[in-house]
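The lines below spell out each chain.
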Amino acid sequence: MAREQVIAGVPVFIEGEGPETILMLHGWPDTHRLWDRQVAFFSAHHRCVTMTLPGFDKVGLDGGFSLDHVVAVIAKVVETVSPHQKVTLMLHDWGCAFGYQFAMLHPERVARIVAIDVGDANSPAFQQSLSIVAKGMVFTYQITLALAWYVGGAIGNGITRGMARALQAKADPRHVHAGMNYPYAMRWMKAFGGFDAMRQIEPECPFFYAYGRKKPFMFHSPQWVKRLAGREGNEVRGFNSGHWVMVDCADEFNASVADWLSASSTQKVMYG
């Protein structure tokens, strides 16, 4: 049974009693529910901590959050749930962007990173790796969601749910709303924050990177993946899935991550 507590104004759910903590951060247009199958699997041997990103669970939210604000919330959650030990970050989509920033600013609090389908997406190398068509696709869906956030209300919600369907998102449409789009507003509307200060993700800690092969383009550059895979203790693995690897290939993903966690942990865990 998950234990719930509110940290920095955000409901946080803790399940499992293992010696190591995994903090799971979702992206768009999801909530903490995205990780249900991972929590069911990993909580037998780990403390699994999930949370819904600030604003993603509040329909009709006025205004957006800054990059610094979201990272500060993550820092407070980590400090509260694991004050004396580093945590493993399990990240997807915008959870990667925010989680990477936290890891680069607070490397002393991060033991390992498991990242799903978003790599160096804010780097020049990634931009150069995209075709003109891919760049157009990225701009179209992201600026549409940014504008839907700006419009808000029933119209903004409708646009957001329509885009979620078009992108084959896994979230329950009842939980999808325009307030979830503020990261895109921050990305494309400089007046609402921007990511100019975001650091490139070059972690020193062990790193497991999973990505879906069945997409029109990747969210990482080939150079970054090659560099990541070349570091001892890291693993890069492609899955026959779309963007939501942990849902489309849940069993395979869970087993692969479990093997890697066991190999990279000081606390040897036997799954089964």
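Values in this document were obtained by computation on a predicted structure and should not be read as measured data.

(A) Local environment of the overall build of the chain. For the chain, the count of helices and strands is ten helices and eight strands. Scaling as 2.2 N^0.38, a compact globule of 272 residues should have a C-alpha radius of gyration of about 19 Å, and the chain matches this with 18 Å. Counting only C-alpha atoms and orienting by the principal axes, one finds that the chain spans roughly 50 × 40 × 30 Å. Here the chain, with 272 residues, has 54% of them falling under the buried criterion. Across the chain, contacts joining residues at least 24 apart in sequence account for 75% of those joining residues at least 6 apart. When the accessible surface of the chain is totalled, it reaches about 12100 Å², and 55% of it is carbon and sulfur. Averaged over its 25 positive side-chain charges, the chain has a centre that lies 3 Å from the centre of its 24 negative ones.

(B) The packing of helix 2 (residues 67-81) against helix 3 (residues 94-105), seen in detail. Where helix 2 meets helix 3, the closest approach of the two axes is 9 Å, and the angle between their N-to-C directions is 70°. With respect to helix 3, the axis of helix 2 lies roughly perpendicular. The handedness of the crossing between helix 2 and helix 3 is right-handed. Between helix 2 and helix 3, the contacting residues are L67, V70, V71, I74, A75 and V78 on the first element and F98, G99, Q101, F102 and L105 on the second. Here the contact of helix 2 with helix 3 is built from residues that sort into nine nonpolar, two polar and no charged.

(C) Local environment of the side chain of H26. Mapped onto the elements of the fold, H26 is located in the loop between strand 3 (21-25) and helix 1 (36-42). What makes H26 buried here is its relative accessible area of 0%. In this structure the side chain of H26 is engaged in a polar contact, spanning 3.2 Å, whose partner is the backbone oxygen of D30.

(D) Representation of the packing of helix 5 (residues 132-151) against helix 6 (residues 153-166) in the model. Running from N to C, helix 5 and helix 6 point in directions that differ by 155°, and their axes come no closer than 7 Å. Considering their axes alone, helix 5 and helix 6 lie roughly antiparallel with respect to each other. Both helix 5 and helix 6 take part in a crossing whose hand is left-handed. Along its contact with helix 5, which presents Y141, T144, L145, A148 and V151, the element helix 6 presents G153, I155, G156, I159, T160 and M163. Here the residues of the contact of helix 5 with helix 6 sort into seven nonpolar, four polar and no charged.

(E) Seen up close, the pattern of salt bridges. Evaluated as defined, the whole model comprises ten salt bridges. Linking E20 and R112 is a salt bridge whose minimum nitrogen-to-oxygen distance equals 2.9 Å. One end of the pair, E20, is in the loop between strand 2 (10-15) and strand 3; the other, R112, is in strand 6 (residues 110-116), with 92 residues separating them in the sequence. Taking the relative accessible area as the measure of exposure, R112 reaches 3% and is therefore buried.

(F) How the structure looks around the sheet that holds strand 7 (residues 207-212). Taken together, eight strands build an open sheet; the order of strands is 1-2-4-3-5-6-7-8 and the sheet is mixed. Bordering the open sheet on either side are strand 1 (3-7) and strand 8 (235-239), each of which pairs with just one other strand. Neighbour to neighbour, the strand axes of the sheet diverge by 20° on average, direction disregarded. When strand 3 meets strand 4 (residues 47-51), the two strands line up parallel, connected through four bridges. Residue pairing across strands places I22 opposite C48, the latter belonging to strand 4. This element, helix 3, spans strand 3, strand 5 (87-92), strand 6 and strand 7 of the sheet and lies at about 145° to strand 5. Helix 8 (residues 222-229) contacts strand 7 and strand 8 of the sheet and is inclined by roughly 140° relative to strand 7.

(G) Molecular detail of the environment of H69. Of note, H69 is situated in helix 2. Its relative accessible area of 33% is what places H69 among the partly exposed residues. Taking C-alpha positions, H69 is 9.0 Å from P54, a pair spaced 15 residues apart along the chain.

(H) Expanded view of the nonpolar core. Within the largest apolar cluster, 65 residues are counted, with the highest numbers of intra-cluster contacts made by L23, V77, L89, Y100, I113, F207 and Y209. With nine residues, the top contributor of residues to this core is helix 2. Counting residues in each nonpolar core, the second largest holds 22 residues, with W35, I116, W244 and F253 among its members.

The rules behind each value
- Residues numbered from 1 in each chain as written.
- Predicted model: local features only at pLDDT ≥ 70, side-chain atom pairs only at ≥ 80, totals over all residues.
- Heavy atoms only, no water.
- Helix = DSSP H or I, 4+ residues; strand = E, 2+ residues; numbered from the N terminus.
- Rg over C-alpha atoms; globule rule 2.2 N^0.38 Å.
- Buried < 20%, exposed > 50% of the residue type's maximum accessible area, 1.4 Å probe, protein only.
- Contact = heavy atoms within 4.5 Å.
- Areas by Shrake-Rupley, 256 points an atom, 1.4 Å probe, with all protein chains shown as cover.
- Lys, Arg positive; Asp, Glu negative; His and termini not counted.
- Charge placed at Lys NZ, Arg CZ, Asp CG, Glu CD.
- Axes fitted to C-alpha atoms, helices over the stretch in contact; angles between N-to-C directions.
- Parallel < 35°, antiparallel > 145°, perpendicular 65-115°, else oblique.
- Left-handed = near helix turned anticlockwise from the far one by under 90°.
- Nonpolar A, V, L, I, M, F, W, Y, C, P; charged D, E, K, R; others polar.
- Polar contact = N/O pair within 3.5 Å; in protein donor to acceptor, adjacent residues only side chain to side chain.
- Salt bridge = Lys/Arg side-chain N within 4 Å of Asp/Glu carboxyl O.
- Pairing = 2+ DSSP bridges.
- Core = buried A, V, L, I, M, F, W, Y, C linked by side-chain atoms within 4.5 Å.

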